[in-house]
Amino acid sequence: MLILNKTAGVFFKPSKRKVYEFLRSFNFHPGTLFLHKIVLGIETSCDDTAAAVVDETGNVLGEAIHSQTEVHLKTGGIVPAVAQQLHRDNIQRIVQEALSASRISPSDLSAIATTIKPGLALSLGVGLSFSLQLVGQLKKPFIPIHHMEAHALTIRLTNKVEFPFLVLLISGGHCLLALVQGVSDFLLLGKSLDIAPGDMLDKVARRLSLIKHPECSTMSGGKAIEHLAKQGNRFYFDIKPPLHRAKNCDFSFTGLQQVTNKRIMKKEKEEGIEEGQVLSSAADIAATVQHTMACHIVKRTHRAILFCKQRDLLPQNNAVLVASGGVASNFYVRRALEILTNATQCTLLCPPPRLCTDNGIMIAWNGIERLRAGLGILHDIEGIRYEPKCPLGVDISKEVGEAAIEVPQLKMEI
Ligand code: KG4
Ligand code: ZN
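Everything numeric here is computed off the predicted structure, so don't read it as measured data. (Residues numbered from 1 in each chain as written. Chains lettered and ligands numbered in written order. Predicted model: local features only at pLDDT ≥ 70, side-chain atom pairs only at ≥ 80, totals over all residues. Heavy atoms only, no water.)

1. What to know about the packing of aromatic side chains
- One pass over the structure, following the stated rule, counts 3 aromatic pairs.
- A ring pair is formed by F163 and F165, whose centres lie 5.9 Å apart and whose planes are at 15°; its orientation type is stacked. (Phe/Tyr/Trp six-rings, centres within 6.5 Å; stacked < 30°, edge-to-face > 60°.)

Below, the structure is given as structure tokens:
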């Protein structure tokens with residue numbers, strides 16, 4: 001069992017907590033007697049089967065996760081049918097483990113929350129049908145969860161953060177900047193026009209055959225790039241920052257991937273090695289890609305901060321920037337964002353790395369947030385479907401582009 005430290009007990013009367021902790025020291029869970037809201041969260045949108053039980057104070061009562069990373073590394077990317085089968089093989093065990101660790105009775109649950117959008121259709125389907133069966137058996141309300149909303153709100157479990165705040169979500173499947181005005185109230189400022197940064201890092205890592213590198217063989221592509229980049233020269237080759245003429249908050253990573261591929265091919269020729277072997281300059285290439293990606297992310301985020309301040313959507317001082325999603329677990333990216341927040345009198349907050357990547361806790365917590373706000377709690381599950389594609393919030397990216405805000409240069413001494 002795991003209990004996350006909250007920096008402040010925002011949702012929470014201290015006397016209640018004391019009673020609760022006292023009772024827990026006797027291995028006794030008060031369940032519905034004291035805690036009114038306890039949610040089981042289930043996540044299967046991509047390649048992690050995850051579940052968690054979280055209460056309304058942010059205590060994680062139980063958690064379990066099965067990662068498919070190693071399997072997909074071997075096949076050179078996620079094969080949806082393989083992901084689906086692995087979810088099917090593991091979901092019952094994972095949910096059972098999370099529930100057992102929580103030591104609550106399933107009848108004490110206030111609701112079941114499950115990711116139903118966006119994500120891989122075959123993966124989402126496994127989580128949804130399992131959840132609906134459970135909802136039927138336990139006769140509990142169902143809370144459908146938007147995966148990106150869950151990433152965005154995770155920070156409110158670990159830190160005291162009020163609305164509004166700016167969120168940067170950077171992962172393997174997504175890249176977006178949004179203003180979070182409420183639990184389910186988002187303004188979309190910009191998104192990737194092509195692939196997500198995690199996808200780009202995964203592709204570069206694959207092309208560099210990092211799975212054959214003894215230090216990185218079990219790491220996700222992004223993690224392997226971060227690891228190797230520590231030993232490399234980030235100015236190894238010149239890459240123009242993507243979209244440098246477009247004065248909006250959109251992103252692009254395909255160009256960066258293609259330029260890097262060309263550079264790798266050139267190096268392979270020079271070193272006389274075949275594709276599939278690890279280049280001697282792999283660390284330099286990793287460092288250059290990571291640095292260029294971080295600078296691009298910072299530039300777009302900088303414009304988003306200036307836009308929000310210009311329109312009084314964020315306070316002029318101490319506005320909060322939250323970064324989450326798998327790529328936000330990268331410490332180089334975090335340091336680059338810190339340079340930005342220091343220069344703009346903002347505060348950077350990131351969930352701990354294991355809550356940046358996909359997990360069940362963020363889904364359960366999103367369920368708690370929705371229960372507290374009374375939003376999207378279903379008592380009738382008839383006709384509920386998963387949605388592989390689903391935008392987040394109201395898209396105002398055109399307005400952001402029309403504002404054409406110039407962004408001052410920042411010295412990126414990371
Ligand atoms: O949020 P996530 O677990 O799943 C999606 O919703 O996509 O993100 C997974 C992505 C992968 O592309 C992975 O390579 C990347 O996050 N990632 C990282 C790091 N750890 C995971 N990227 C950069 N640095 C890391 N340390
Ligand atoms: Zn994710």
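After that view, the rundown keeps rolling.
2. A few points about the coordination of the zinc ion (ligand 2)
- Looking at the metal site, the zinc ion (ligand 2) is ligated by H147 (NE2), H151 (NE2) and D358 (OD), spaced 2.1 to 2.2 Å from it.
- For the zinc ion (ligand 2), the 4 donor atoms in the first shell make angles of 93 to 151° at the metal, a pattern classed as irregular.
- Along the chain, the residues that donate to the zinc ion (ligand 2) are spaced as H-x3-H-x206-D. Taken together, the positions of H151 in helix α5 (residues 147–153) and D358 in the loop between α12 (353–356) and α13 (361–373) put the pair 207 residues apart, joining distant regions of the chain. Summarising the burial analysis for this pair, H151 and D358 share the class buried. (Donors = N, O, S within 2.8 Å, 3.2 Å for Na, K, Ca; no water. Tetrahedral: all angles 85-135°; square planar, octahedral: opposite > 155°, others 65-115°. Helix = DSSP H or I, 4+ residues; strand = E, 2+ residues; numbered from the N terminus. Buried < 20%, exposed > 50% of the residue type's maximum accessible area, 1.4 Å probe, protein only.)

3. Focus: the pattern of salt bridges
- All chains considered together, the criterion is met by 12 salt bridges.
- For E63, the salt bridge identified is with R354, shortest N-O distance 3.4 Å. Residue E63 is located in strand β3 (residues 60–67), and its partner R354 is located in helix α12; the two are separated by 291 residues in the primary sequence.
- Exposure remark for R354: the relative accessible area of 37% places this residue in the partly exposed category.
- Put simply, E369 and R156 hold a salt bridge, and the shortest N to O gap is 2.6 Å. (Salt bridge = Lys/Arg side-chain N within 4 Å of Asp/Glu carboxyl O.)

4. Thoughts on the domain arrangement of the protein
- Along its sequence, the protein is organised into domain 1 (38–159 + 357–393) and domain 2 (165–355 + 395–403).
- At the junction of the two partners, domain 1 supplies 28 residues and domain 2 supplies 29 residues.
- Of the roughly 2,400 Å² buried between domain 1 and domain 2 on both sides combined, carbon and sulfur atoms contribute 71%.
- Interface area lost by domain 1 to domain 2 is led by I155, T357 and L392, which between them contribute 24%.
- Listed by contribution, the elements that provide at least two residues to the side of domain 1 that touches domain 2 are α2 (69–75), α5, α6 (155–158) and α13.
- Looking at the side of domain 1 that touches domain 2, the element that brings in the most residues is α5, giving 5 residues.
- Across the side of domain 1 that touches domain 2, the residue classes tally to 11 nonpolar, 10 polar and 7 charged. (Domains from an automatic or database assignment. Contact = heavy atoms within 4.5 Å. Buried area = accessible area lost by both parts, 1.4 Å probe. Nonpolar A, V, L, I, M, F, W, Y, C, P; charged D, E, K, R; others polar.)

5. Digging into the pairing of strand β6 (residues 165–170)
- For β6, the buried fraction is high: 6 of the 6 residues fall into the buried class.
- Note that β6 and strand β7 (residues 175–182) share 6 bridges and pair antiparallel. Across the sheet, L168 pairs through a bridge with L177, a residue of β7.
- Hairpin remark: β6 followed by β7, antiparallel, with 4 residues in the connecting loop. (Pairing = 2+ DSSP bridges.)

6. With respect to the environment of N233
- Structurally, the position occupied by N233 is in the loop between α8 (221–229) and α9 (254–271).
- The partly exposed category is assigned to N233, whose relative accessible area is 38%.
- Discounting chain neighbours no more than four positions away, the residues touching N233 are D284, A287 and T288.

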